[in-house]
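Structural description and commentary
Listed here are the chains, written in short residue letters.
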There are 2 protein chains.
Amino acid sequence: MLRLTKRSEYGLMALAYLGSRAAEFCSVREMAEDMAVPARLLAEVLKDLARAELINSQRGPNGGYQFAKDPTHFTIFDIVEILEGEVQFTNCAPGLTCTRESSCTIHGAISKVAEQVKGVLDGFTLAHLTPGHPDHMMSAATAAKSLQV
Amino acid sequence: MLRLTKRSEYGLMALAYLGSRAAEFCSVREMAEDMAVPARLLAEVLKDLARAELINSQRGPNGGYQFAKDPTHFTIFDIVEILEGEVQFTNCAPGLTCTRESSCTIHGAISKVAEQVKGVLDGFTLAHLTPGHPDHMMSAATAAKSLQV
DNA sequence: TTAATTTAGCACCGACTTGGTGCTTTTAAA
DNA sequence: TTTAAAAGCACCAAGTCGGTGCTAAATTAA
Ligand code: SF4
Ligand code: SF4
């Protein structure tokens, strides 16, 4: 539980993939094959990322997707929001769903938690995911870039 | 998305409630009424917390639930794990579901994120949620208007 | 022009999860 | 014995998630 969706996972993988390929246009078919993920679903995800203008799309033969100018400063938080909708740790945030916010004794702490979780997601950028980039984090043992919370 | 479930939310609220009531046994009906949450569901949650021995249960008239000795050092992470099952930020953790962990370029960063998110949840204890406790975190909105019992 | 390749849009489905309820049994106090 | 309460367990409706089908539009190559 408290799991990232496949959409986010595939999206992050795709962005890392495109980042390491720099300028070229890559088709969904090519990417899906290399990444070993379902092509149709990856396509949906890439459409969303293109709509959000993180990547450029090009139709027709030799078309595909390409990194936009420099999206490496986008954070994991941004990607998750684009692909899963607004990140709401509880139902109290926009005051809509919860009717007992005024008397809730845990609201204070909970919103602190939510804030920090968002902080974590915002502390990682695409640069951290992109192989070849100086900030890339390879498997388990990597210099800990601690967050500031 | 990336939302806490109601089970966790109700569980945390219930624990905060019990914490501020110290020694007494409180029945589900009483708690549900004061907290304005569905009684039957709250009951299910409390059962789980009792099974995990964070709270004591007592059947029969004047029975109910009560804080166990001193669970204030339990963290939000613990509660969420009890009520939602193991917290898995992605599917790679126990090596079961994911078949491409070896070639995954984002695995390093993603597991760092997961680790830090868990760290956040582990950084808050029941003490932070319990009104009256010196470590309690009040929200601006709730300052004076805590539920009276 | 025509055909092929590729993204865009959008609806849809099956499986699982979540929030919530019903009902019966057990425990314990009055 | 009656009554208040938790324990256990099954069940349901609605939503989410992973994934697919299908058609249309754009671009390139012949
Ligand atoms: S944490 Fe409190 S204020 Fe927020 S949704 Fe839950 S009950 Fe409402
Ligand atoms: S992050 Fe990589 S290793 Fe982990 S589940 Fe996703 S693809 Fe597998």
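The rules we used
- Residues numbered from 1 in each chain as written.
- Chains lettered and ligands numbered in written order.
- Predicted model: local features only at pLDDT ≥ 70, side-chain atom pairs only at ≥ 80, totals over all residues.
- Heavy atoms only, no water.
- Least-squares fit on C-alpha atoms with pLDDT ≥ 70 in both.
- Contact = heavy atoms within 4.5 Å.
- Near = heavy atom within 4 Å.
- Polar contact = N/O pair within 3.5 Å; in protein donor to acceptor, adjacent residues only side chain to side chain.
- Helix = DSSP H or I, 4+ residues; strand = E, 2+ residues; numbered from the N terminus.
- Nonpolar A, V, L, I, M, F, W, Y, C, P; charged D, E, K, R; others polar.
- Buried area = accessible area lost by both parts, 1.4 Å probe.
- Salt bridge = Lys/Arg side-chain N within 4 Å of Asp/Glu carboxyl O.
- Axes fitted to C-alpha atoms, helices over the stretch in contact; angles between N-to-C directions.
- Parallel < 35°, antiparallel > 145°, perpendicular 65-115°, else oblique.
- Left-handed = near helix turned anticlockwise from the far one by under 90°.
- Pairing = 2+ DSSP bridges.

1. What about the relation of the copies chain A and chain B?
- Placing chain A over chain B gives an RMSD of 0.1 Å and needs a rotation angle of 180 degrees, together with 0.0 Å of translation along the axis. Seen this way, the second copy is the image of the first under a two-fold rotation axis.
- Take the interface residues of chain A: 85% of them recur as interface residues in chain B, which is what a same-surface contact looks like.

2. What to know about the protein's contact with DNA strand D
- Neighbouring DNA strand D are 26 residues, the closest being A:R40, B:V28, B:R29, B:K47 and B:Y65.
- Protein-adjacent atoms of DNA strand D, using a 4 Å cutoff, are sugar or phosphate at a proportion of 63%.
- Residue B:E44 places a side-chain N or O atom 2.9 Å away from a base nitrogen belonging to DNA strand D.
- Taking B:R51, its side chain carries an N or O atom lying 3.3 Å from a phosphate oxygen of DNA strand D.
- Elements supplying a minimum of two residues to the surface near DNA strand D: α1 (6–19) and α3 (39–51) of chain A together with α2 (28–35), α3 (39–51), β1 (55–58) and β2 (64–67) of chain B.
- The leading source of residues in the surface near DNA strand D is α3(B), at four residues.
- The class makeup of the residues in the surface near DNA strand D is eight nonpolar, eight polar and 10 charged.

3. Considerations on the interface of chain A and chain B
- Listed per partner, the contact involves 52 residues of chain A and 44 residues of chain B.
- In total, about 4600 Å² of surface goes out of reach between chain A and chain B, with carbon and sulfur atoms giving 66% of it.
- At the boundary of chain A with chain B, the tally comes to zero salt bridges.
- Inspection of the region where chain A meets chain B yields four residue pairs in polar contact (both at pLDDT 80 or more).
- Looking at the side of chain A that touches chain B, the element that brings in the most residues is helix α5 (residues 107–122) of chain A, giving 10 residues.
- Of the residues in the side of chain A that touches chain B, the class split is 30 nonpolar, 13 polar and nine charged.

4. So, the packing of α2(B) against α3(B)
All names here are of chain B.
- The geometry of α2 relative to α3 is characterised by a closest axis approach of 9 Å and an angle of 120 degrees between their N-to-C directions. Relative to α3, α2 is oriented oblique. The hand of the α2/α3 crossing is right-handed. Listed contacts from α3 to V28, M31, A32 and M35 of α2 are A39, L42, A43 and L46.
- Within the contact of α2 with α3, the residues separate by chemical class into eight nonpolar, no polar and no charged.

5. Brief notes about the pairing of strand β1 (residues 55–58) of chain A
All names here are of chain A.
- Strand direction decides the pairing type here: β1 and strand β2 (residues 64–67), joined by four bridges, are antiparallel. Across the sheet, residue I55 finds its bridge partner in β2, namely F67.
- The hairpin turn running from β1 into β2, its antiparallel successor, is five residues long, and G60 in that turn takes a positive phi close to 85 degrees.

6. Notes on the site of ligand 2
- All residues adjacent to ligand 2 are A:E9, A:M13, B:N91, B:C92, B:C98, B:R100, B:E101, B:C104 and B:H107.
- Classifying every residue of the shell around ligand 2 by side-chain character gives four nonpolar, two polar and three charged.

7. A closer look at the protein's contact with DNA strand C
- Contacts to DNA strand C come from 28 residues, most closely from A:R29, A:E44, A:K47, A:Y65 and B:R40.
- In DNA strand C, atoms within 4 Å of the protein come 65% from sugar and phosphate.
- Take A:K47: an N or O atom from its side chain is 2.5 Å from a base nitrogen of DNA strand C.
- B:Q58 has a polar side-chain atom sitting 3.5 Å from a phosphate oxygen of DNA strand C.
- When residues of the surface near DNA strand C are traced back to their parent elements, those giving at least two are α2 (28–35), α3, β1 and β2 of chain A together with α1 (6–19) and α3 of chain B.
- If one sorts the elements of the surface near DNA strand C by residue count, α3(A) sits on top with four residues.
- Residue composition of the surface near DNA strand C, grouped by class: eight nonpolar, nine polar and 11 charged.

8. Some details on the site of ligand 1
- Residues in close proximity to ligand 1 include A:N91, A:C92, A:C98, A:R100, A:E101, A:C104, A:I106, A:H107, B:E9 and B:M13, which together make up its full environment.
- At ligand 1, the nearby residues belong to more than one chain, namely chains A and B.

9. A few points about the packing of α5(A) against helix α5 (residues 107–122) of chain B
- Interhelical geometry of α5(A) versus α5(B) gives an angle of 165 degrees and a closest axis separation of 9 Å. With respect to each other, α5(A) and α5(B) are oriented roughly antiparallel. By crossing handedness, the relation of α5(A) to α5(B) is classed as right-handed. Touching A:V113, A:Q116, A:V117, A:V120 and A:L121 of α5(A) are B:V113, B:Q116, B:V117, B:V120 and B:L121, all from α5(B).
- Looking at the contact of α5(A) with α5(B), its residues break down into eight nonpolar, two polar and no charged.

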